[in-house]
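# Structural description and commentary
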Amino acid sequence: MTPIDIARNYIRAAQTGDQALLAATVSPSVVWHQPGANRFSGTHRGLAAVGAMIGGMMEVSQGSFAITEASHYMENGDWVAVSIRFGGEREGARLDQAGVDLLRIADGQVVEVFLFSSDPAQEDRFWGQ
């Protein structure tokens, strides 16, 4: 599989909630860099820590947080950049913006993730402290 194939599987697993595909696609020792200055920001190490962060996001967004669109998969060696659109809703607040997921692929799995948001201040307000 190419790095783009692996990135597509990761996005598909994230969009559909396919836990088996997610576990096969993401390294147990993944390093995840969550942007911003909110309760979820920072570097998260390991699949358990990333799962807890995403679980928290799902709780805050009442299950609505999702990658709603993914396009333009671009490869440069071990790195794949994916243009995404993501969003969610909570208590009258709405998050809907473009972003980029930058994935490092090694040994057939996603081993590092850097996320970029088009409006970090809006995302910070949405997630809160």
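Located above this text is the structure these notes cover.
## A few points about the packing of aromatic side chains
- Tallied over the entire structure, the rule returns five aromatic pairs.
- Judged by centre distance (5.3 Å) and plane angle (90°), the ring pair of Phe40 and Trp127 falls under edge-to-face. One end of the pair, Phe40, is in the loop between strand 1 (26-34) and strand 2 (42-45); the other, Trp127, is in helix 4 (residues 120-127), with 87 residues separating them in the sequence.
- Given a relative accessible area of 8%, Phe40 falls into the buried group.
- Under the relative-accessibility criterion, Trp127 is labelled buried at 1%.
- Seen from their ring centres, Phe126 and Trp127 are 4.8 Å apart, and the 80° between their planes marks the pair as edge-to-face. Each member of the pair, Phe126 as well as Trp127, carries the same accessibility label: buried.
- Connected via pairs of aromatic rings, a cluster forms that spans Phe40, Phe65, Phe86, Phe126 and Trp127.
- Here the guanidinium or amino end of Arg8 rests over the ring plane of Tyr73, the centre of that ring lying 4.2 Å away.
- Seen from the ring of Phe126, Arg90 lies directly overhead, with NZ or CZ sitting 5.3 Å from the centre.

Reading guide: rules and limits
Residues numbered from 1 in each chain as written. Predicted model: local features only at pLDDT ≥ 70, side-chain atom pairs only at ≥ 80, totals over all residues. Heavy atoms only, no water. Phe/Tyr/Trp six-rings, centres within 6.5 Å; stacked < 30°, edge-to-face > 60°. Helix = DSSP H or I, 4+ residues; strand = E, 2+ residues; numbered from the N terminus. Buried < 20%, exposed > 50% of the residue type's maximum accessible area, 1.4 Å probe, protein only. Lys NZ or Arg CZ within 6 Å of the ring centre and 35° of its normal.

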